[in-house]
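Structure at a glance
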Amino acid sequence: MPTTNEPPSTLALTNAFMTKLKPAKIFKGSVEPGPLPSSSSFGAARGPMQGPRHITGVSFDDRGEFVLTAADDETFRLYNCKTGKHSKTLYSKKYGIDLPRFTHKNSTILHASNKEDDTIRYHSLHDNKYLQYFKGHKDRVISLEVSPVDDGFISGSVDRTVRLWDLRSPHCRGLLTLPQTPVVAYDSSGLVIAVAVNHYSRILLYDLANFDKAPFLVITLDDPTLKLISFPPRPIYMTSLSFSSNGKYLLVGCSGDAHYILDSFEGHLLAKLEGFIGLERRMMGPPVDLQPSKGCSGEEVSWTPDSKYIVGGSLDGKVLVWDVQNLPARAEDMDPKRSPLKLNPVATLDGHPGPSRCVRFNPRFAMLCTAGAELVSVLGLR
């Protein structure tokens, strides 16, 4: 972790480096103890959803200098990645906070609300005040992403709509109605958006300039290996989408025991990431239900900035690293019934007690942040 004012040198991520990551700083007390509030990711805590309060979201600013967390205790906390110190704690007791996202300024964030109403809020960390309110969703916002190139952002809600916004206006500038709850993502150019629709196992790719037209690509996520486990196969529940930095691949995070990598040009299923315990439950022990659900999944898997590796969390607190530099070559005539390449982790790192619910790699520095029940663990090479 950088500690001087000297320009950082470029460090290539390799298997040798990724396997040697160790905890460099542990922030204890990152979540205030107590029962889950009614505004938690699950509503009332029952059955497999019981357990301690968690950190529910993590976001780095564009420069990688700060990391922001949101938690079930209705707080958001700012940490300095250079000094390794906690900077401030802010509260949102009235509205709740979920899906924290830095804008392109490290002093302002967007976040969803999980109390009072379903408004998205634009917040100044410097002044601790709201700068704008984005109203329109009629139910909880469960997916929120900022454009990588401008002041636009997109949101998906339990009300089965996707809305396009701009920080400079409180009014929605685009609306898409879907048959089920959507999960959204931008590609690295900011010109394409992906919308995942559970129950139908579809991923829709839209040209942002023609958002009101039909998607230019419809992908069906179908894993033929699942029927070897049970029949009929248990459905896949998608909880996050993320494009690789070169735009060639689409990472589909799921609440079960596998994530998937798709070819974003043709939609072919290329690889299946295994070797972890999914976050469909909140804690070890209770069995999963017959029907899949989101659980506490959604922020536990992501690319490294160079897209050579994928890092992810697990219900047992482990942090996994997958090498994705040798994915199958894209081919237009690929058999959709062909089994995907199964990838196991090249490294399994010790995380922390409880699930490693949020895992994000710093966009600029060779460090990653994991978060779970009672602490945030920032890892770097020792």
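The name recorded for the protein in an unreviewed UniProt entry is WD40 repeat-like protein, from Thelephora ganbajun.

To continue, consider the overall build of the protein. Scanning the protein from N- to C-terminus turns up one helix and 29 strands. Looking at the 382 residues of the protein, the share that counts as buried comes to 56%. Taking contacts inside the protein between residues at least 6 apart in sequence as the whole, the part at least 24 apart equals 51%. For the protein, the accessible area works out to roughly 16,800 Å², and carbon and sulfur atoms hold 50% of it.

Quick look at the environment of S356 now. Structurally, S356 is set in the loop between β26 (347-349) and β27 (358-361). Residue classification places S356 among the buried residues on the basis of a relative accessible area of 0%. Taking the C-alpha atoms as reference, S356 lies 6.3 Å from T370; in sequence the two are 14 residues apart. Setting aside chain neighbours within four positions, we find S356 in contact with L279, E300, G313, S314, G317, K318, V319 and A371. Looking at S356, its side chain comes within polar contact range of the main-chain oxygen of K318, at 2.6 Å.

Attention shifts here to the sheet that holds strand β17 (residues 217-220). Strand order in the open sheet made by the four strands is β14-β15-β16-β17, with antiparallel pairing throughout. The open sheet has two free edges, formed respectively by β14 (182-186) and β17, since each of these has just one partner strand. For this sheet, the mean inter-axis angle between neighbouring strands, taken without regard to orientation, is 20°. Bridge count for strand β16 (residues 202-207) against β17 is four bridges, and the pairing is antiparallel. Pairing of L204 across the sheet is with V218, part of β17.

Counting across every chain of the model gives 14 salt bridges. Here E74 makes a salt bridge to K115, at a shortest N to O gap of 3.4 Å. One end of the pair, E74, is in the loop between β3 (66-71) and β4 (75-80); the other, K115, is in the loop between β7 (108-112) and β8 (120-124), and 41 residues separate them in sequence. Residue class for K115 comes out partly exposed when judged on its relative accessible area of 25%. Here the salt bridges share partners, and the residues they tie into one network are R101, E145, E299 and R360.

Moving on to the pairing of strand β10 (residues 141-146). Alignment of β10 against strand β11 (residues 152-157), held across five bridges, turns out to be antiparallel. Within the sheet, the bridge partner assigned to L144 lies in β11 and is S155. The hairpin formed by β10 and β11 contains five residues between the paired strands.

What makes a disulfide is a covalent bond joining the sulfur atoms belonging to two cysteines. Enumeration according to the criterion identifies zero disulfides in this entry. Looking at C296, it has no disulfide partner, and the nearest cysteine sulfur is the one in C358, 8.8 Å off. In this structure C296 comes out as buried when scored by relative accessible area, which is 2%.

Calculation notes
Residues numbered from 1 in each chain as written. Predicted model: local features only at pLDDT ≥ 70, side-chain atom pairs only at ≥ 80, totals over all residues. Heavy atoms only, no water. Helix = DSSP H or I, 4+ residues; strand = E, 2+ residues; numbered from the N terminus. Buried < 20%, exposed > 50% of the residue type's maximum accessible area, 1.4 Å probe, protein only. Contact = heavy atoms within 4.5 Å. Areas by Shrake-Rupley, 256 points an atom, 1.4 Å probe, with all protein chains shown as cover. Polar contact = N/O pair within 3.5 Å; in protein donor to acceptor, adjacent residues only side chain to side chain. Pairing = 2+ DSSP bridges. Axes fitted to C-alpha atoms, helices over the stretch in contact; angles between N-to-C directions. Salt bridge = Lys/Arg side-chain N within 4 Å of Asp/Glu carboxyl O. Disulfide = S-S within 2.5 Å.

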